[in-house]
Amino acid sequence: MTDVIRTAITESTQKVFGLSTEDMPALDIQFTPDITMGDYAVPIGFVLAKKLRTAPEKIAQTIAENLQGPFRAEAVKGYVNVTMDDDWWLDRLSQGFISYPQYSGKVLVEYVSANPTGPIHIGHGRGAVVGSVLANLLDRVYDFADSEFYVNDAGEQIRKFCKSVEIRIRELKGEDVELPEDAYHGDYVVDIAKSILDRYNWDALSEDEQWNVLWNDAVDMMRKWHKETLEKLGVTMKVWTSERLIRQEGWPERVIQLLQDKGYAYEQDGALWFKSTIFGDDKDRVLVKSNGEYTYYLVDIAYHMEKIHRGYNVLINVWGADHIGHVPRMNAALTALGFPDCLTVVLVQTVRFWRQGVAVAMSKRKGEFLTLDELIDEIGKDAARIMFITRSVDATIDFDIEVAKQKAMDNPVYYIQYAYVRAKNILTRTEERQFGSSVGFDPHERTLLRLLNAFQERMVLAVRKLDPFVIESYAWELSDAFHKFYQFDRVIGSEYENARWQLVERFTEVMEELFTLLGIEKLERM
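Here, residues in each chain are numbered from 1, in the same order as that chain's written sequence. Local features in a predicted model are, by the rule used here, given only for residues with pLDDT of at least 70; side-chain atom pairs are given and counted only at 80 or more, and totals for whole chains, interfaces and linings are based on all residues. Only heavy atoms go into the side-chain values, all of them from the structure, while hydrogens and water stay out.

K.L.:
What should I look at first to understand helix H2 (residues 44-52) in this one?
P.N.:
Residues that lie three or four places apart on an α-helix share one face, since the helix turns once every 3.6 residues. Exposure classes here rest on a 1.4 Å probe applied to the protein chains alone. A residue is buried below 20% of its type maximum, exposed above 50%, and partly exposed in between. Each helix corresponds to a stretch of at least 4 residues labelled H or I by DSSP, and each strand to a stretch of at least 2 residues labelled E; elements are numbered beginning at the N terminus. Taken as a whole, H2 has its buried residues at Ile-44, Gly-45, Leu-48, Ala-49 and Leu-52. An end-on view of H2 places all buried positions within 135° of arc, on one side of the element. We call two residues in contact whenever any of their non-hydrogen atoms come within 4.5 Å of each other. Each element contacted by the buried residues of H2 is listed here: helix H1 (3-17), strand E2 (40-42), helix H3 (56-65) and strand E4 (79-84). Immediately downstream of H2, the backbone of Arg-53 shows phi near 55°, a positive value. Picture the helix axis, draw a direction to every C-beta atom, and the arc is the one those directions span.

K.L.:
How should the packing of helix H6 (residues 156-172) against helix H7 (residues 187-199) be read in this particular structure?
P.N.:
Axis angle and axis distance: for two packed helices, these are the angle between their axes and the distance between the axes, and together they describe the pair. Fitted lines through C-alpha atoms give the axes, limited to the stretch in contact for helices. The angle between two N-to-C directions lies from 0 to 180 degrees. Where H6 meets H7, the closest approach of the two axes is 8 Å, and the angle between their N-to-C directions is 65°. Judged on the interaxial angle alone, H7 and H6 are roughly perpendicular. Handedness of the H6/H7 crossing: right-handed. Here Phe-161, Ser-164, Val-165, Arg-168, Ile-169 and Leu-172 of H6 come into contact with H7, specifically with Tyr-188, Val-189, Val-190, Ile-192, Ala-193, Lys-194, Ile-196 and Leu-197. Any residue that is not Ala, Val, Leu, Ile, Met, Phe, Trp, Tyr, Cys, Pro, Asp, Glu, Lys or Arg is counted as polar, Gly included; the first ten are nonpolar and the last four charged. The residue makeup of the contact of H6 with H7, split by class, is 11 nonpolar, one polar and two charged. Angular relationships are summarised with four words: roughly parallel below 35 degrees, roughly antiparallel beyond 145, roughly perpendicular across 65 to 115, and oblique for the angles in between. Crossings are assigned a handedness: left-handed for a near helix turned anticlockwise from the far helix by less than a right angle, right-handed for a clockwise turn.

K.L.:
Would you take a moment to explain the packing of aromatic side chains for this structure?
P.N.:
Any pair of aromatic rings gets described here by the distance separating the centres and the angle formed by the planes. Here is the rule: rings of Phe, Tyr and Trp (six-membered ring for Trp) pair when centre to centre is within 6.5 Å. Planes less than 30 degrees apart are stacked, more than 60 are edge-to-face, and the remainder are tilted. Inspection of the entire model under this criterion finds 24 aromatic pairs. Arranged with centres 6.4 Å apart and planes meeting at 10°, the rings of Tyr-266 and Trp-273 form a pair that is stacked. Ring centres of Tyr-420 and Phe-515 lie 5.4 Å apart, and the angle between their planes is 65°; on these two criteria the pair is classed as edge-to-face. Taken as a pair, Tyr-420 in helix H16 (residues 412-427) and Phe-515 in helix H20 (residues 497-518) lie far apart in primary sequence, 95 residues in all. Note on Tyr-420: relative accessible area 1%, which makes it buried. By the ring-pair criterion, three or more aromatic residues cluster together here, those being Tyr-264, Phe-274, Phe-279 and Tyr-297. Over the aromatic face of Phe-144 sits the side chain of Lys-106, whose NZ or CZ is 5.2 Å from the ring centroid. Should the NZ of a Lys or the CZ of an Arg lie within 6 Å of a ring centre and within 35 degrees of the ring normal, that charge is described as sitting over the ring.

K.L.:
Please explain the environment of Arg-159 as it appears in this structure.
P.N.:
Within the fold, Arg-159 resides in helix H6. Accessibility expressed as a relative area gives 34% for Arg-159, which makes it partly exposed. Along the chain, Arg-159 and Leu-214 lie 55 residues apart, while their C-alpha atoms are 9.3 Å from each other. Beyond its immediate sequence surroundings of up to four residues, Arg-159 is in contact with Trp-211, Trp-215 and Glu-293.

K.L.:
Hey, could you run me through the sheet that holds strand E1 (residues 30-31) in this one?
P.N.:
Pairing between the strands of a sheet is mediated by backbone hydrogen bonds and can be parallel or antiparallel. One open sheet accounts for four strands, arranged E1-E2-E4-E3; its pairing is antiparallel. Edge positions in the sheet fall to E1 and strand E3 (71-76), since each has one partner strand and no second. Along the sheet face, H1 touches E2, E3 and E4 and points at about 135° away from the line of E4. A pair of strands counts as paired when DSSP detects no fewer than two bridges linking them.

K.L.:
What is the right way to look at the nonpolar core in this model?
P.N.:
Nonpolar side chains in soluble globular proteins generally cluster together in the buried interior. Grouped together as the largest cluster of nonpolar side chains are 114 residues, with contacts concentrated most on Leu-138, Leu-375, Phe-399, Leu-478 and Leu-514. Per-element accounting of this core gives the leading share, 11 residues, to H20. Sequence-distant contacts of Leu-375, that is, excluding residues within four places in its chain, are made with Ile-122, Phe-353, Leu-370, Gly-380, Phe-388, Phe-399 and Ile-401. Only buried residues count toward a nonpolar core. Its members are Ala, Val, Leu, Ile, Met, Phe, Trp, Tyr and Cys residues joined through side-chain atoms within 4.5 Å. One finds Leu-108, Tyr-303, Leu-334 and Cys-342 within the second-largest nonpolar core, a separate group that totals 33 residues.

K.L.:
In this structure, what is going on with the sheet that holds strand E10 (residues 285-288)? I would like to understand it.
P.N.:
With antiparallel pairing, three strands are arranged side by side in an open sheet as E8-E9-E10. Two strands in the sheet have a free side with no partner beyond their single neighbour: strand E8 (265-268) and E10. Strand-to-strand twist of the sheet, defined as the mean angle between neighbouring strand axes without regard to direction, takes the value 45°. In this sheet, E10 lies alongside strand E9 (residues 271-274) in antiparallel orientation, the contact comprising three bridges. If you follow Phe-274 over to E10, its bridge partner there is Arg-285. Packed on one face of the sheet, helix H11 (residues 296-309) meets E9 and E10 and runs near 80° to E10.

Okay, structure coming up:
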């Protein structure tokens, strides 16, 4: 919402230096480092110095002297610093600040997609929150957006999981059996075994029937558990897709046929290969092993083709950073199949969890891990969601569980929710209003105003980066500015009451919208 500055500087520059529209550079309108220097700073002198062969300071001075608009302008070195008029800010307050960019496309955000071989552990939490916030954001800016969990209910890990349950069933029935080292050892496996024995006359089932029960019931119990855990975290998937169904519907075979028809598949050493090096991969990849078994890669390609078949043309996957090598392979396959640039992968770095200075273990097979359910029970949904996105997705997070539990200003979720509570408290005191109508925004108000005015720009940045940290950090900046405003600027009974009241109203509106995007509660008291 700084188009008025951009337009004025463009017109002034073209007028005094005779530049054409094509010669004009893109203008970077920044916050001044100190609000007393103005609301915004534009480094136009530095940008044009080479083209005009003139000192940045002189360029900025010339442009500032010829600027016209609802602001005061001055040259500071090579910058043009702009201070918006009070009336302009009043007009912005009357309009409101919530406005989103709009893009065309049908989006599918796929995230979490944990194997249904155990409860969702805390290591999955970050990807779950990242995907959830992105889905909330993209639903507002695209024509259509869905979120999806891909259930990996086929393959070797599922076989190991089902075998683990089967061994526990035999153990419960009194057999002397030993669970292999590479099996799943958690207590939840015993619970599933007990549930199956409660529901079925196990000895009356044939071996094939027993295996079908394991394959269907045990996996379905885990899927339902995953769904409940995610909902507890405030994550609701619109779509759940099964790998088994992808296989049953013949999507792997369709992919093979398409690649063969295009000349991108060949046989070697009894296996079927994809010529992925043609599309930038470092080596060709196996699609079908020599024993006839489909590779994970082939089935994943098939899944992405099935997404496209459903009409999605913007595919966004939230993967762990350890999947980085899979990204060029998947893009190579989709390019070969005629769908280049439809997939964007958000790689999420790991989280290190700490409790009183001791690292928290996370080994699913050994059963030595803190589940996401347990974390949410201990610190709450809101704290969990915010703590998982307090850094950019490409940075590792050190998650201190004890800090997340504290009701203190150094807890990010407490800090932003407390700012909102303070604002709402002011707005409940209507009977005390005296309606002071003077206008004159001080530095604390201006700091808050320009942050509110940045709403759309921050949303554009969040979409471009596909990083919820942009939204979380924006909420924190706004809260920080409001806490300072609250400390120094009286609202009720002030001669500036009307303007400040409206400023508080706009702050609460923007924070409510950010809370919705972030998936946290709008508390009115703490």
